[in-house]
Amino acid sequence: MNPKTAQKIAFSLLFIVTLLIIVPVLLIVFIIVKEGASAISWEFLFTAPKDGMRAGGIFPAIVGTLSIVLCAIAVTLPMGVMAAIYLNEYAKDNLLTRIIKLSIVNLAGVPSVVYGLFGLAVFVMFLKMGVSIIAGALTLSIMELPVIITTSRNALNSVPQSFREASLSLGVSKWQTIRHVVLPNALPGIMTGAILSIARISGETAPILFTAAAFYVPHLPRSVFDQVMALPYHLYIISTQIPNMPANITYGTALVLLVLVLAMSLAAISMRIYFRKKKKW
Amino acid sequence: MVDKIVAKDLNCWYGGVPSVKNLNLTVYENEILGIIGPSNSGKTTFLRMINRLNDLNYNFKKKGLVTLDGKDVYSLDTETLRKRCGMVFALPLPLPMSIYENVGYGPLRHGIKSKKYIDEIVEKSLKAASLWDEVKDRLEASAMKLSGGQQQRLCIARTLAVEPEVILYDEPCSGLDPISTAKVEETMLELKKKYTIILVTNNVKQASRVSDRTAFFLMGEMIEIGKTADLFLAPKDKRTEGYIMGKYG
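Residues numbered from 1 in each chain as written. Chains lettered and ligands numbered in written order. Predicted model: local features only at pLDDT ≥ 70, side-chain atom pairs only at ≥ 80, totals over all residues. Heavy atoms only, no water.

**Student:** It is not clear to me how the packing of aromatic side chains should be interpreted in this structure. Could you clarify?
**Tutor:** What describes a pair of aromatic rings is the distance from one ring centre to the other and the angle between the planes of the rings. Residue and element names in this part refer to chain A. Taken as a whole and assessed by the stated rule, the structure comprises nine aromatic pairs over all chains. Look at F46 and F59: their rings are 5.5 Å apart centre to centre, the planes differ by 50 degrees, and that puts the pair in the tilted class. With a gap of 13 residues between them, F46 in helix α3 (residues 42-46) and F59 in helix α4 (residues 59-90) connect regions that are remote in the sequence. Ring geometry for F118 and F123: centres 6.0 Å apart, planes at 85 degrees, overall edge-to-face. (Phe/Tyr/Trp six-rings, centres within 6.5 Å; stacked < 30°, edge-to-face > 60°. Helix = DSSP H or I, 4+ residues; strand = E, 2+ residues; numbered from the N terminus.)

Put into structure tokens, the structure is as follows:
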């Protein structure tokens, strides 16, 4: 074959395959909006479910998901970033460090339902937290740790070594160098990890199944030790466990979950843009 | 002449390869000591031994010692040592902040709280590095926007701001044009009055222009050291002669 034709065919093939990635995204959004938009109303967003979930709203589930996600991020982000700083800036290459790194890789490979069982055993039963926001959030935060640690380490690693040397050569201490030179320049990258994690945590069902989520709670949580309804779990229930469920409520719930994740990601993205602007290189 | 820095039987390794071999060298107070030699001759290793930046490399090992005012540099804590021995790197390394913040960074981190005092330090340091007139109207601009030569003088100002006693120049002009180089050299001659300077350079002519004494390093060994005029006019060793004549390196 003529090399020019071969090149054209290769290019077209690669382009078409790449283009195919858009299709599922568009379809998901299209189907969910088409089927679910009619359910969205003031009442749907801000009241509790009625008639065995077949009517009313999903307000407790929205609040539940938001509180679980925010608690989980509040735990996992600082822990993950601190571990990443230790591993990237302080740890020497010895047996302990290698064991820690191996553990992180393995944590990332554990299926999410196993995290759910782990959370049930450790947080709910052993630490007697009961099925609660805090137990679910802690379970999710452990699940997200490897993601946060890995993305944060990459972000720290991408700060040029020469910045550290310039700061250290002035007699500035190692911690001050990390705090005032390395961290500010790694923040945008760290935020990217946080954004991905928020999206993933919001949609997880298995880890909160036994640790936080309730089938039905008509009121809002009063403390972190309360059980809550959560959007992904609620979605699972209404689409499989309840007969004669109006389809638009199911899709409406999915739409709300989608928008919620998007909104939280946008908030994190705008923070990242803010940090990037402060970065001058 | 007061002995400021002394290396005694110094040997350094990165991994298995020795990069400095049996070095015995004295640097006097308020002189400019030029160190010339081809790459991999151990010049930079010696400099980074003085302010212990080599410690950042886990493979680094040393035997023998380097003293600052008679005290082993390993008996001082790194913060104090590096404050006393400032360094200017081969490539200009401004921190990703404004011009003002770059110069004020050291004093601020060393605990100076008074804004007015830091303002004074910034102005004084920029003047000493002959950069003040070019940047005084845009101190808040990013240091990354300056030209290469200006950035290097900014780095000199940043080093001066923590009031060192010794300035270690590690090939400071390797990325600069001749005019910027001339400016950096001018500041060096000016700074000699107050500081002890070690100038590591790939540029033989630069050493002959500014240094009081010059040492020639080759493959980790110091081949020869002497008054700059003597070393350039009548080198004792054939290898020194070959290098300054441009035969290798």
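Anyway, onward from the coordinates.
**Student:** Just checking my understanding: could you explain the sheet that holds strand β2 (residues 17-28) of chain B for this structure?
**Tutor:** Across a sheet, paired strands are connected by hydrogen bonds in the backbone, their directions being either parallel or antiparallel. All names here are of chain B. Across the sheet, four strands lie side by side as β2-β1-β4-β5; this open sheet has antiparallel pairing. With one partner strand each, in any of the chains shown, β2 and β5 (71-72) form the two edges of the open sheet. Relative to β2, strand β1 (residues 3-14) is paired through eight bridges, and the arrangement is antiparallel. Bridging across to β2, L10 finds its partner in L23. In the packing of helix α1 (residues 43-50) onto the sheet, the strands contacted are β1, β2 and β4 (60-68), and the crossing angle to β1 comes to about 120 degrees. (Pairing = 2+ DSSP bridges. Contact = heavy atoms within 4.5 Å. Axes fitted to C-alpha atoms, helices over the stretch in contact; angles between N-to-C directions.)

**Student:** I keep staring at the interface of chain B and chain A and nothing clicks. Help me out?
**Tutor:** Accessible area lost upon the coming together of the parts serves often as the stated size of an interface. Counting residues at the interface gives 27 residues for chain B and 23 residues for chain A. At the boundary of chain B with chain A, total buried surface from both sides reaches about 2,100 Å², with 63% on carbon and sulfur atoms. In terms of surface lost to chain A, no three residues of chain B exceed B:P96, B:Y105 and B:R109, which account for 28% of the buried area on that side. A:E165 is the salt-bridge partner of B:R48, the closest N and O atoms lying 2.8 Å from each other. Linking chain B with chain A are five residue pairs in polar contact (both at pLDDT 80 or more), by the criterion used here. Elements that contribute at least two residues to the side of chain B that touches chain A include exactly α2 (78-84), β6 (85-88), α3 (99-109) and α6 (148-161) of chain B. Its residues placed into classes, the side of chain B that touches chain A shows 14 nonpolar, six polar and seven charged. (Buried area = accessible area lost by both parts, 1.4 Å probe. Salt bridge = Lys/Arg side-chain N within 4 Å of Asp/Glu carboxyl O. Polar contact = N/O pair within 3.5 Å; in protein donor to acceptor, adjacent residues only side chain to side chain. Nonpolar A, V, L, I, M, F, W, Y, C, P; charged D, E, K, R; others polar.)

**Student:** What exactly am I supposed to notice about the sheet that holds strand β9 (residues 213-218) of chain B here?
**Tutor:** All names here are of chain B. Spatial ordering of the open sheet is given by β6-β7-β8-β3-β9-β10, a layout of six strands whose pairing is mixed. Where the open sheet ends on each side, the last strands, each with one partner, are β6 and β10 (221-227). Ignoring strand direction, the axes of neighbouring strands in this sheet form an average angle of 15 degrees. In this structure, strand β7 (residues 166-170) lies alongside strand β8 (residues 196-200), joined through five bridges in parallel fashion. Pairing of I167 across the sheet is with I197, part of β8. α6 rests against β6 and β7 of the sheet, and its axis sits at about 170 degrees to β6.

**Student:** What is the right way to read empty space enclosed by the protein from this model?
**Tutor:** Space left empty within the atom packing is revealed by a probe, the size of a water molecule, rolled over the atoms. Residues and elements named next belong to chain A. Inspection of the entire model under this criterion finds one cavity of 30 Å³ or more. Approximately 50 Å³ is the volume attributed to the largest cavity. Every residue lining the largest cavity is listed: T65, I68, V69, L140, I201, S202, E204, I208, A230 and P232. Going through the elements one at a time, α4 and α9 (174-203) are the ones with two or more residues in the lining of the largest cavity. Considering every element that reaches the lining of the largest cavity, the biggest residue donor is α4, with three residues. Considering only residue class, the lining of the largest cavity consists of seven nonpolar, two polar and one charged. (1 Å grid on protein atoms, 1.4 Å probe; cavity = no way out; pocket = protein on both sides within 12 Å on 5 of 7 lines; lining within 4 Å. Points joined across faces, edges and corners; volume = space filled by probe spheres on them.)

**Student:** Help me out: how do you make sense of the packing of α3(B) against helix α4 (residues 115-128) of chain B in this one?
**Tutor:** The packing of two helices is summarised by the inter-axis angle and the distance between the axes. All names here are of chain B. Their axes nearest at 9 Å, the elements α3 and α4 cross at an angle of 120 degrees. One way to sum up the angle between α3 and α4 is to call them oblique. Read as a crossing pair, α3 and α4 show a hand that is right-handed. Note on element contacts: α4 touches α3 through K115, I118, D119, I121, V122, S125 and L126, opposite Y100, V103, G104, P107 and L108. The class makeup of the residues in the contact of α3 with α4 is eight nonpolar, two polar and two charged. (Parallel < 35°, antiparallel > 145°, perpendicular 65-115°, else oblique. Left-handed = near helix turned anticlockwise from the far one by under 90°.)

**Student:** Help me understand the pattern of salt bridges, please; the structure alone is not making it clear to me.
**Tutor:** For side chains of opposite charge, pairing can occur when their charged atoms come near one another. Residue and element names in this part refer to chain B. In this structure the tally under the stated criterion is 24 salt bridges over all chains. Its salt-bridge partner being E31, residue R213 comes within 2.8 Å of it at the nearest N-O pair. Note that R213 is positioned in strand β9 and E31 in the loop between β2 and β3 (32-36), a separation of 182 residues in sequence. Comparing R213 with E31, the two get one shared label, buried. For K127, the salt bridge is made with E123, and the minimal N-O distance between the two is 2.7 Å. Of this pair, K127 and E123 both sit in helix α4, four residues apart, which is roughly one turn of the helix. Counted as one network, the salt bridges with shared partners bring together K4, E29, D69, R84 and E165. (Buried < 20%, exposed > 50% of the residue type's maximum accessible area, 1.4 Å probe, protein only.)

**Student:** What is the right way to read the environment of B:P94 from this model?
**Tutor:** For B:P94, the location among the structural elements is in the loop between β6 and α3. In this structure, the C-alpha to C-alpha distance between B:P94 and B:C155, residues 61 residues apart in sequence, is 6.2 Å. With residues up to four places along the chain from it excluded, the contact list for B:P94 reads A:F163, B:N102, B:A143, B:M144, B:Q151, B:L154, B:C155 and B:R158.

**Student:** How do you make sense of the packing of α4(A) against helix α11 (residues 231-240) of chain A when you look at a structure like this?
**Tutor:** All names here are of chain A. Relative to each other, α4 and α11 sit at 140 degrees, their axes nearing to 8 Å. Looking at the two axes, α4 sits oblique to α11. Here A61, I62 and T65 of α4 lie close against α11, whose contacting residues are L231, P232 and H234.

**Student:** How should the pairing of β3(B) be read in this particular structure?
**Tutor:** Two faces belong to every sheet, and in a regular strand the side chains alternate between them. Residues and elements named next belong to chain B. Most of β3 sits out of view: five of its five residues are buried. Here four bridges tie β3 to β8, and the two strands are oriented parallel to one another. If you follow G34 over to β8, its bridge partner there is L199. Bridge count for β3 against β9 is four bridges, and the pairing is parallel.

**Student:** Where do I start with a nonpolar patch on the surface in this structure?
**Tutor:** All names here are of chain A. Together, F11, F15, I16, L19, L20, I22, V23, L26, L27, F30, I31 and Y251 make up an exposed nonpolar region whose accessible area comes to about 1,200 Å². Secondary-structure elements contributing two or more residues to the nonpolar patch are α1 (3-20) and α2 (22-36). With six residues, α2 is the largest single contributor of residues to the nonpolar patch. Inspection of the secondary structure puts F11 in helix α1. Residue class for F11 comes out exposed when judged on its relative accessible area of 57%. (Patch = residues over 30% accessible without salt bridge, like charges linked within 9 Å, V, L, I, M, F, W, Y side chains within 5 Å. Areas by Shrake-Rupley, 256 points an atom, 1.4 Å probe, with all protein chains shown as cover.)

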